[in-house]
Amino acid sequence: GPGWNRPQDGIYPLSQKDAEGHEYDGAAHRYVMRVEKGQMPPAAAFWSLTLYDENFFFVPNPINRYDLAQRDKLITNPDGSVDLYIQTDSPGKDKETNWLPAPKGKFALVMRMYGPKATPPTIVDGSWTPPPVKRGAARYSVDHQSPCKARCANADAVARGARGGRAGLDQDTA
């Protein structure tokens, strides 16, 4: 075989869509994964959350960070939860410790859990699942839209007409 670990040694949940079922897009959105108090990934060895571009390569970024992990001294919210910021731009100096830089385009997330705990809550039996990744604020507000918005909208309308339908894929491909 390909040399993968057995489930009791390592599990690697892959996420290509946000909590609403939309593909991740760092050009259009900011994302947050909130880990509630006491709900960090239950791994005896360690866990990490790694971001890859649409071709599953690391994304060059200004802080040379490619994952967030158990080893990091993550900032905790007053209620004990931890917000992981997954976005192109810095969430602000006070939150950069919890920032996983995203590309200006499509990306995927992989959580690595080494030595997943055998007793509940555990990912092994589904009694623990990775927290949802939710869209935060859009990268562009209504007042500040992409400079090519009109041009792109026109090109999209032309493409729809040429294909006789909606632009893009109509069904889930994952």
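Right above here is the structure, for reference.
Residues numbered from 1 in each chain as written. Predicted model: local features only at pLDDT ≥ 70, side-chain atom pairs only at ≥ 80, totals over all residues. Heavy atoms only, no water.

### Here's the deal with the overall build of the protein chain
Keep this limit in mind: Strands here are runs of E lasting at least two residues and helices are runs of H or I lasting at least four, both read from the DSSP assignment and numbered beginning at the N terminus. Note on definitions: a residue-residue contact is assigned when non-hydrogen atoms from the two residues lie within 4.5 Å. Here the accessible surface of atoms and residues is derived via Shrake-Rupley with a 1.4 Å probe, and residues count as covered only by protein chains that are part of the display.
When helices and strands are tallied, the protein chain shows one helix and nine strands. Element order for the protein chain, N to C, with α for helix and β for strand: β-β-β-β-β-β-β-β-β-α. Sequence-distant contacts, at least 24 apart, represent 70% of the contacts inside the protein chain between residues at least 6 apart. Per element, the accessible surface of the protein chain, about 10,700 Å² overall, is 53% carbon and sulfur.

### Quick notes on the pairing of strand β3 (residues 29-35)
The two faces of a sheet get side chains in turn, since along a regular strand they alternate between them. Stated formally: Each residue gets one of three labels from its accessible area relative to the maximum for its type: buried under 20%, exposed over 50%, partly exposed in between, using a 1.4 Å probe on protein chains only. Only strands that DSSP links by at least two bridges are regarded as paired with each other.
Taking every second residue as pointing to the same face, the buried face of β3 carries H29, Y31, M33 and V35, while none of R30, V32 and R34 on the other face is buried. Sheet topology places β3 next to strand β9 (residues 133-138); four bridges connect them, and they run antiparallel. Opposite M33, over in β9, you have V133 as the bridge partner. As defined by bridge partners, β3 adjoins strand β6 (residues 82-87) across five bridges and the pair is classed as antiparallel. Within the sheet, the bridge partner assigned to V32 lies in β6 and is Y85.

### Observations regarding the pairing of β6
Summarising burial for β6: six of the six residues are buried, a large majority. Residue alternation in β6 divides its side chains into two sets, V82, L84 and I86 and D83, Y85 and Q87, and both sets are buried. By the bridge criterion, three bridges tie β6 to strand β7 (residues 99-101) in an arrangement that is parallel. Counted as the bridge partner of Y85 is W99 from β7.

### Some points on the sheet that holds β9
Defined as follows: Simply put, an axis is a line fit to the C-alpha atoms, just over the touching stretch for a helix, and the angle between two N-to-C directions goes from 0 to 180 degrees.
A sheet is described by the order of its strands in space; here four strands give the open sequence β7-β6-β3-β9, paired in mixed fashion. The two strands at the open ends of the sheet, each matched to only one other strand, are β7 and β9. The sheet shows a mean angle of 25° between the axes of neighbouring strands, taken without regard to direction.

### Side note on the environment of S81
Threshold: Distance and chemistry together define a polar contact, namely a pair of N or O atoms within 3.5 Å, with one atom able to donate a hydrogen and the other to accept it when in protein, and with adjacent residues in sequence counting only for side-chain atoms on both sides.
Residue position: S81 is located in the loop between β5 (67-69) and β6. For the pair S81 and G38, spaced 43 residues apart in the sequence, the C-alpha separation amounts to 7.9 Å. Discounting chain neighbours no more than four positions away, the residues touching S81 are R34, V35, E36, K37 and T76. A distance of 2.6 Å separates polar atoms of two side chains, one belonging to S81 and the other to D79.

### Remarks on the side chain of D18
Here D18 shows up in the loop between β2 (14-15) and β3. In this structure the side chain of D18 is engaged in a polar contact, spanning 2.8 Å, whose partner is the backbone nitrogen of E20. Not counting the four nearest positions on each side in its chain, D18 is found in contact with Y24, Y31, V133 and R135.

### Some thoughts on the packing of aromatic side chains
For the record, the criterion: Ring geometry is summarised as follows: Phe, Tyr and Trp rings, the Trp one being its six-membered ring, pair when their centres sit within 6.5 Å, and such pairs are stacked at plane angles under 30 degrees, edge-to-face over 60 and tilted between the two.
Following the criterion strictly, the structure yields eight aromatic pairs and no others. Ring geometry for Y31 versus F107: centroids 5.7 Å apart, planes at 80°, classification edge-to-face. Here the residue Y31 occupies a position in strand β3, and F107 occupies one in strand β8 (residues 107-116), the gap between them amounting to 76 residues. For F107, a relative accessible area of 4% gives the class buried. Their ring planes at 35° and their centres at 4.8 Å tell us that F46 and Y114 sit as a pair that is tilted. In this pair, F46 is assigned in strand β4 (residues 43-53) and Y114 in strand β8, connecting sequence segments 68 residues apart. An aromatic cluster is built from Y52, F56, F58 and Y66, whose rings are joined through pairwise contacts.

### Remarks on the pattern of salt bridges
Put simply, the rule reads: Only one rule defines a salt bridge in this text: a Lys or Arg side-chain nitrogen within 4 Å of an Asp or Glu carboxyl oxygen.
The final tally for this structure, using the stated rule, is seven salt bridges. Where K93 meets E96, a salt bridge forms, and the shortest distance between an N and an O atom there is 3.7 Å. On the basis of relative accessible area, K93 is assigned to the exposed category, the value being 71%.

Functional significance is not addressed by these values, which are geometric in nature.
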